[in-house]
Amino acid sequence: MTDLIRLTAAELAAKIQAKDVSAVEVAQAHLDRIGAVDSAVHAFLHVDTERALQAAKAVDEDVAAGRPAASPLAGVPLALKDVLTMQGAPTTCGSKMLEGWNPPYDATVTLKLLQAGIVILGKTNMDEFAMGSSTENSAYGTTHNPWDLDRIPGGSGGGSAAALAAFEAPLAIGTDTGGSIRQPGSVTGTVGVKPTYGTVSRYGLVAFSSSLDQAGPCARTVLDAALLHEVIGGHDPLDSTSIDAPLPPVVAAAREGANGDLSGVRVGVVTQFAGDGYQPGVLASFEAAVAQLKELGAEIVEVSCPSFDLALPAYYLIAPSECSSNLARFDAMRYGLRVGDDATRSAEEVMSLTREAGFGPEVKRRIMLGTYALSSGYYDAYYGSAQKVRTLISRDFDAAFGTVDVLISPTTPTTAFRIGERANDPMAMYKADLCTIPSNLAGNAALSVPSGLSDDDGLPVGLQIMSPALQDHRGYRVAAAYEAARNAAQGGSLINRVPELEVAH
Amino acid sequence: MPSISRDEVAHLARLARLAVTEEELDLFAGQLDQIVQAVAKVGDVADQDIPPTSHAVPLTNVFRADLVRPGLTQQQALAAAPAAEDGRFRVPRILGEEA
């Protein structure tokens, strides 16, 4: 049954409905795989075998009774990033601060997954409170990239991406504040999607930077991502920033795109995303992708977005500012860790000691940076200016989307770097999100689809496709067409070239 | 000349309720200074007449009907508390007097 782990989510769902295989067998195959390889990959923080098998059994009972499937993904296993709450399972956000915390409610995304009959295998590792680009900032240890276990799987959703690339789950959920779905997708050879901000509920998503955070699908194919996108998306009255508009038809777009015709589609190449700091193999893969899109009939246009040069600095002021506010809730009073409460210390002292003990260095650094940027005397120069940059970036996108349907770039400037390589150099680490950040600041949709392996190190490279807000389907159409053509040209899906992992017995 | 001194980091840590160690003060002073210098170029637009964007989606007040609906029970709310007593959160003293 080990072949089950290599099937796509769409294939698995079809087999389950056709009674070719049971959902329990599918879940068990993935649980076995987790047992065999996760000691090396460390994608999961928590695996709930019993609950996963119960959920799968319920799907099998529906199939046996002839009841209609709860969704097109009923019975398919999924790995959930540990930043989303799930009743009855611990949520840690990769932090000691929340070690052992069992949330008393489900996130809306979690609830939708459960209602769709999707089998949640467990919670995946992540950079603490979603701050990082490598999953080295987890308090529970680093996740390893299945392509090369000495390298990072991206971050902050490295656990979710690694679970896909290690064939531990066919689907995963990530969250993307500055690229935390797309960058891990790129460096693990998987598909990662940041939907339009406000189209997937943030209720139950532990907040890092509220104006940027967005949950989204992670998968091994564009169609699988689209199917998951439609399960989790939609308006939620429990989230005051949720957009009350119909979801873009992403599944239809993915199916249409797979036919491979991009005639009439205008694709803009962002000229700012090239040059110094970009790995030659990444640029070569990107150029090959551009040529491929042209062959499919797309019209390629160079587009300049000059304000994108200011996106990284603006992000690293806005996100820490919002984080310094959001993480004030970890005050040792109502939930989470409490340190130093010996009846002699004040609440303020206990709070300071707890936050010192509970937060890791990256979180502390960002809290202090945000405190600085928001402080009197610096506000206008830093935070206020960053918010102006945000306007300029939105204007650049508006101008670009006035002439092209989608914009493209490499997803990341480099392939997966070695674990520890950038650990003591925050600015070098932050540059991993150079290309992904503008879409978070503007709130529009963007995805990463594998574009091949870099010539210089043989590691995966991602192609980023950005779409206007609420036009997510445009990106899916282009990505699916590109994916089909690339698979045909490269002799099959890139993900099947992941080296065999040593299996624990 | 660094723009963020060790003393400033200590002040920021106090404001943020972080009891950082001496070693961390040295580490963060260097790193925060490096980051602040790298992000300072956003100041290029400070004097320009550009409306700031605080949020990708225009925000409006969201109202719901003023109806009682199920929430967490007292037991659920207290279940994850570091300390509880008599059905309430037990917190360290918040005023300055002796405990």
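Keep in mind the model is a prediction, meaning the values are calculated, not measured.

A few words now on the overall build of chain B. In terms of regular secondary structure, chain B is built from 3 helices and 2 strands. In chain B, the succession of α and β elements from N to C terminus is α-α-α-β-β. Here the C-alpha atoms of chain B give a radius of gyration of 23 Å, more than 25% beyond the 13 Å that 2.2 N^0.38 yields for 99 residues. Expressed as lengths along the three principal axes of its C-alpha atoms, the size of chain B is roughly 55 × 45 × 25 Å. By the burial criterion, 28% of the 99 residues in chain B qualify as buried. Residue pairs at least 24 apart in sequence account for 31% of intrachain contacts in chain B once pairs closer than 6 positions are excluded. Of the charged side chains in chain B, 9 are positive and 15 negative, and the gap between their average positions amounts to 10 Å.

What follows deals with the sheet that holds strand β7 (residues 266-270) of chain A. Remark on secondary structure: sheet strands pair via backbone hydrogen bonds, oriented parallel or antiparallel. All names here are of chain A. Taken together, the 11 strands give an open sheet; going across it, the order is β1-β3-β2-β4-β6-β5-β10-β11-β9-β7-β8, and neighbouring strands pair in mixed fashion. In this open sheet, the two strands that pair with only one neighbour each are β1 (44-47) and β8 (299-303). Each neighbouring strand pair of the sheet contributes to a mean axis angle of 25°, computed without reference to strand direction. Two elements, strand β5 (residues 191-194) and strand β6 (residues 215-219), share 2 bridges in a ladder whose sense is antiparallel. Paired with Gly192 across the bridge in β6 is Cys218. Across the sheet, helix α2 (residues 23-41) touches β1, β2 (77-81) and β3 (119-124), and the angle it forms with β3 is around 20°.

This paragraph deals with the interface of chain B and chain A. Contacts between the two partners involve 52 residues from chain B, matched on the other side by 65 residues from chain A. Notably, a salt bridge pairs Arg17 of chain B with Glu348 of chain A, separated by 3.8 Å at the nearest N-O pair. Counting across the interface, chain B meets chain A through 18 residue pairs in polar contact (both at pLDDT 80 or more). Mapped by element, the contributors of at least two residues to the side of chain B that touches chain A are α1 (6-15) and α2 (22-39) of chain B. Per-element accounting of the side of chain B that touches chain A gives the leading share, 9 residues, to α2 of chain B. Across the side of chain B that touches chain A, the residue classes tally to 36 nonpolar, 9 polar and 7 charged.

Our next topic: the pattern of salt bridges. Overall, the coordinates contain 19 salt bridges over all chains when judged by the stated rule. With its nearest N and O atoms 3.3 Å apart, the salt bridge here joins Arg6 of chain A to Glu500 of chain A. Taken together, the residues span a long stretch of sequence, with Arg6 of chain A in the segment before α1 (9-17) and Glu500 of chain A in the segment after α16 (472-489) at a distance of 494 residues. With its nearest N and O atoms 2.8 Å apart, the salt bridge here joins Glu24 of chain B to Lys364 of chain A. In this pair, Glu24 of chain B is assigned in helix α2 and Lys364 of chain A in helix α12 (residues 361-373), connecting two distinct chains. In terms of burial, Glu24 of chain B and Lys364 of chain A fall into one category: buried. Each of Arg338 and Asp341 of chain A together with Glu85 and Arg90 of chain B takes part in salt bridges that share partners, so that together they form one network.

We now examine the UniProt feature "active site" (unreviewed entry) in chain A. All names here are of chain A. According to UniProt, the feature "active site" (unreviewed entry) maps to Lys81, Ser156 and Ser180 in the numbering used here. In three dimensions, the annotated residues from a span of 100 residues occupy one location, with a maximal C-alpha spread of 10.9 Å. Mapped onto the secondary structure, Lys81 falls in strand β2. Ignoring sequence-local partners within four residues, the contact set of Lys81 consists of Lys123, Thr124, Met126, Ala130, Ser156, Gly157, Ser160, Ile173, Gly174, Thr175 and Ser180. Aside from chain neighbours lying at most four places away, what touches Ser180 is Lys81, Ala130, Gly132, Gly155, Ser156, Gly157 and Thr175.

Right, let's get into helix α10 (residues 311-326) of chain A. Relative to the 22 Å expected for 16 residues at 1.5 Å per residue, α10 of chain A spans 22 Å between its end C-alpha atoms, a close match to the ideal helical length. Counting buried positions along α10 of chain A yields 15 of 16 residues, so the element is predominantly enclosed.

Residue and element names in this part refer to chain A. By size, the foremost hydrophobic cluster in this structure holds 178 residues, and its most contacted members are Leu113, Phe129 and Leu293. If we ignore the near neighbours within four places in the chain, the residues touching Leu293 are Leu262, Val267, Ala298, Ile300, Ile408, Leu463, Val478 and Tyr482. Core analysis: the next-biggest nonpolar cluster, separate from the first, contains 5 residues, Ala332, Ala347, Val350 and Met351 among them.

Rolled over the atoms, a probe as big as a water molecule pinpoints where empty space is left. In this structure, the largest pocket spans a volume of roughly 730 Å³. As for the largest pocket, its lining consists of 26 residues, and the residues nearest its centre are Trp101, Tyr105, Tyr203, Gly204 and Arg329 of chain A.

The next thing to look at is the packing of α12 of chain A against α2 of chain B. Two numbers describe how α12 of chain A lies on α2 of chain B: the axes approach to 11 Å, and their chain directions differ by 55°. Between α12 of chain A and α2 of chain B, the angle falls in the class oblique. Remark: the crossing between α12 of chain A and α2 of chain B carries right-handed chirality. Contact with α12 of chain A, carried on its side by Pro361, Lys364, Arg365, Met368, Leu369 and Tyr372 of chain A, involves Glu24, Phe28, Gln31, Leu32, Ile35 and Val36 of chain B of α2 of chain B and no other residues of that element. Looking at the contact of α12 of chain A with α2 of chain B residue by residue, the class counts come to 8 nonpolar, 1 polar and 3 charged.

Turning our attention to the pairing of β5 of chain A. Residue and element names in this part refer to chain A. Of the two faces of β5, the one carrying Val191 and Val193 and the one carrying Gly192 and Lys194 are both buried. In terms of strand pairing, β5 meets strand β10 (residues 445-453) through 3 bridges, oriented antiparallel. Looking across to β10, one finds that Val193 is bridged to Leu447.

Attention shifts here to unusual backbone geometry. Residue and element names in this part refer to chain A. Residue Gly155 is joined to Ser156 through a cis peptide bond whose omega torsion reads 5°. Relative to the helices and strands, Ser156 is located in the loop between β3 and α5 (158-165). You will see that Thr135, though not glycine, has its phi angle at about 60°, which is positive. The phi dihedral of Ala343 is positive, around 75°, even though this residue is not glycine. Relative to the elements of secondary structure, Ala343 occurs in the loop between α10 and α11 (347-358). On the basis of relative accessible area, Ala343 is assigned to the exposed category, the value being 55%.

All names here are of chain A. Enumeration over the complete set of coordinates arrives at 15 aromatic pairs over all chains. Between Phe129 and Phe359, the aromatic rings sit 5.9 Å apart at their centres with planes inclined by 75°, giving edge-to-face as the arrangement. Of this pair, Phe129 sits in the loop between β3 and α5 while Phe359 is found in the loop between α11 and α12, placing the two residues 230 residues apart along the sequence. Assessed through its relative accessible area of 1%, Phe129 is described here as buried. Taking relative accessible area as the criterion, Phe359 reaches 3% and is therefore assigned buried. Centroid distance Tyr315 to Tyr316: 4.8 Å. Interplanar angle 80°. Geometry classified as edge-to-face. The cationic tip of Arg6 hangs over the ring face of Phe167; the distance from NZ or CZ to the ring centre is 4.2 Å. For Arg422, the ring lying beneath its charged end belongs to Phe417, and the centroid distance is 4.0 Å.

Reading the values: the criteria
- Residues numbered from 1 in each chain as written.
- Chains lettered and ligands numbered in written order.
- Predicted model: local features only at pLDDT ≥ 70, side-chain atom pairs only at ≥ 80, totals over all residues.
- Heavy atoms only, no water.
- Helix = DSSP H or I, 4+ residues; strand = E, 2+ residues; numbered from the N terminus.
- Rg over C-alpha atoms; globule rule 2.2 N^0.38 Å.
- Buried < 20%, exposed > 50% of the residue type's maximum accessible area, 1.4 Å probe, protein only.
- Contact = heavy atoms within 4.5 Å.
- Lys, Arg positive; Asp, Glu negative; His and termini not counted.
- Charge placed at Lys NZ, Arg CZ, Asp CG, Glu CD.
- Pairing = 2+ DSSP bridges.
- Axes fitted to C-alpha atoms, helices over the stretch in contact; angles between N-to-C directions.
- Salt bridge = Lys/Arg side-chain N within 4 Å of Asp/Glu carboxyl O.
- Polar contact = N/O pair within 3.5 Å; in protein donor to acceptor, adjacent residues only side chain to side chain.
- Nonpolar A, V, L, I, M, F, W, Y, C, P; charged D, E, K, R; others polar.
- UniProt positions renumbered as here; feature names shortened; annotations may be inferred.
- Expected span 1.5 Å × (residues − 1).
- Core = buried A, V, L, I, M, F, W, Y, C linked by side-chain atoms within 4.5 Å.
- 1 Å grid on protein atoms, 1.4 Å probe; cavity = no way out; pocket = protein on both sides within 12 Å on 5 of 7 lines; lining within 4 Å.
- Points joined across faces, edges and corners; volume = space filled by probe spheres on them.
- Parallel < 35°, antiparallel > 145°, perpendicular 65-115°, else oblique.
- Left-handed = near helix turned anticlockwise from the far one by under 90°.
- Phe/Tyr/Trp six-rings, centres within 6.5 Å; stacked < 30°, edge-to-face > 60°.
- Lys NZ or Arg CZ within 6 Å of the ring centre and 35° of its normal.

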